[in-house]
Amino acid sequence: MSIYSPFSASQLLPQEEKLEVARHKSELFIGIPKETSYQERRICLTPDAVSSLVSHGHRVMLESGAGETSSYTDKEYSDAGAEITQDTKKVLGCPMILKVEPPTLTEIEMMNPQTIVISAIQLKTQKKEYFEALATKRITALAFEFIKDEDGSYPAVKSLSEIAGTASILVASELMIGENIGKGLLFGNITGVPPTKVVIIGAGTVGEYAARTALGLGAHVKVFDNSITKLRRLQNTLNQRIFTSTIQEKSLLKALRRCDVAIGAMKGKNRAPVVVTETMVEHMKKGAVIVDVSIDTGGCFETSEVTTHEKPTFIKNGVIHYCVPNIPSRYSKTASMSISNIISPFLLHIADDGGIETAIRCNRGLKNGIYSYHGVLTNKAIADWFNLEYRDINLIVF
């Protein structure tokens, strides 16, 4: 019977001890192509971040117009020291590629073997062919969502959740005005007028920032979540006592019947749990607003259907639904600055450590971000999801 091992027979024999030699700084050559995915308006590095990298002796090549949707011009990038080109193939030929959306199969085809790709992965939208294409080109790929900070949190996920949470309330306040469908209400608390009632389902980062923004505008907030720990943490971080409850149909229905705005911010393992049924939505006030932030993982309102930034709303049972999956992209400049602040320190780390190989040995948070190492799949969740073979990164890099 053969025992599967990631090592060859010669590697398993006793080896002579090798001491680490002094690290040499490496020079990075980063390519930033234009985002081609539908509705993607963000960019990974701001001109300030490019300027910082260039001053450290690195090269950045940008496809012309890549920053326009985030309100950054080619001139700003050029003044920051980036090389601007119209040639997509030239940009994708760089040794390191930075993207917000994961590269398409056509883009992977244009890359050189052994390229390093840093992007989001958006697992729910991926297909098996994507990972096979990475393996063919022996590409090392890092996902923003998997990179960990010193405290064990996921900085990119947290940062974009903060934007989504704050934005959900701002979107709701716009929709409440609506001349045709809205109620002509001002979001907040005006003297002598009952405050806006907001129900938030989910007490994670999105829920916290939605609650923070709603309270700042003077609304009356109720938060529902099945985790007492999360609800307690929320109470403590908000520095004030608000109505919190576990998700029980009777109390949730009572809150939904009275609310003006309902925010869906629940996360599930593979899919967001459907917490609010169609019957519950039918009992809501006419002209009430639902913003389902968890629509990118299926949504937690039964009536939710995916919408776009161009046509963001629809009305069902007299209730306005806003179900755009990529809310941070609407605030592209803020989201770009946020992503850039997270990525640029990691890039400088990689360079100071002498390249990606040494950097992932020294930085466990960065190592956690790797899901394809020279074409070898190293993430168990992805392997299980697509029924692919994987190897533990800790057995390959140590």
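Each value, and the rule that gives it
- Residues numbered from 1 in each chain as written.
- Predicted model: local features only at pLDDT ≥ 70, side-chain atom pairs only at ≥ 80, totals over all residues.
- Heavy atoms only, no water.
- Pairing = 2+ DSSP bridges.
- Helix = DSSP H or I, 4+ residues; strand = E, 2+ residues; numbered from the N terminus.
- Contact = heavy atoms within 4.5 Å.
- Axes fitted to C-alpha atoms, helices over the stretch in contact; angles between N-to-C directions.
- Polar contact = N/O pair within 3.5 Å; in protein donor to acceptor, adjacent residues only side chain to side chain.
- Disulfide = S-S within 2.5 Å.
- Buried < 20%, exposed > 50% of the residue type's maximum accessible area, 1.4 Å probe, protein only.
- Salt bridge = Lys/Arg side-chain N within 4 Å of Asp/Glu carboxyl O.

Colleague: I'd like a description of the sheet that holds strand β3 (residues 83-85), backed by residues and values.
Modeller: Within a sheet, each strand pairs with its neighbour through backbone hydrogen bonds, oriented either parallel or antiparallel. The 8 strands lie next to each other as β3-β2-β1-β4-β5-β6-β14-β15, forming an open sheet whose pairing is mixed. Since the sheet does not close on itself, it has two edges, and those belong to β3 and β15 (376-377), each with one partner. Against the sheet, helix α12 (residues 332-352) contacts β1 (29-32), β4 (96-98) and β5 (116-119), and its axis sits at roughly 170° relative to β4.

Colleague: Could you give an account of the side chain of Glu63, naming the residues involved and the relevant values?
Modeller: Within the secondary structure, Glu63 is located in strand β2 (residues 59-63). A distance of 2.9 Å separates the side chain of Glu63 from the side chain of Thr88, its partner in a polar contact. If near-sequence neighbours (up to four positions away) are discounted, Glu63 is found in contact with Ile32, Pro33, Lys34, Thr85, Gln86, Thr88 and Val91.

Colleague: Can you explain the state of the cysteines? Please cite residues and give values.
Modeller: Here the structure, examined in full by the defined rule, presents 0 disulfides. Cysteine Cys259 shares no disulfide, and the gap to the nearest cysteine sulfur, in Cys300, comes to 13 Å. By relative accessible area, which is 1% here, Cys259 ends up buried. According to the relative accessible area criterion, Cys300 is buried, its value standing at 0%.

Colleague: Explain the pattern of salt bridges to me, using residue names and the numbers behind them.
Modeller: Taken as a whole and judged by the stated rule, the model has 12 salt bridges. The residue Asp79 makes a salt bridge to Lys75 at a minimum N-O spacing of 2.9 Å. Placement of the pair is Asp79 and Lys75 together in helix α3 (residues 74-79), with a separation of 4 residues, close to one helical turn. For the pair formed by Asp79 and Lys75, the shared burial category is exposed. A salt bridge links Lys316 to Glu305; the nearest nitrogen and oxygen atoms lie 2.9 Å apart. Remark: Glu305 occurs in the loop between β11 (289-292) and β12 (313-316) and Lys316 occurs in strand β12; sequence separation between them is 11 residues. Relative accessible area serves as the criterion here: at 25%, Lys316 is assigned to the partly exposed category.

Colleague: Please provide a residue-by-residue account of the pairing of β12, values included.
Modeller: Pairing analysis gives 4 bridges linking β12 to strand β13 (residues 319-322), with the strands arranged antiparallel. Across the sheet, Lys316 pairs through a bridge with Val319, a residue of β13. The turn linking β12 back onto β13 is made up of 2 residues, and Asn317 within it adopts a positive phi angle of 55°.

The analysis is restricted to geometry; functional conclusions fall outside its scope.
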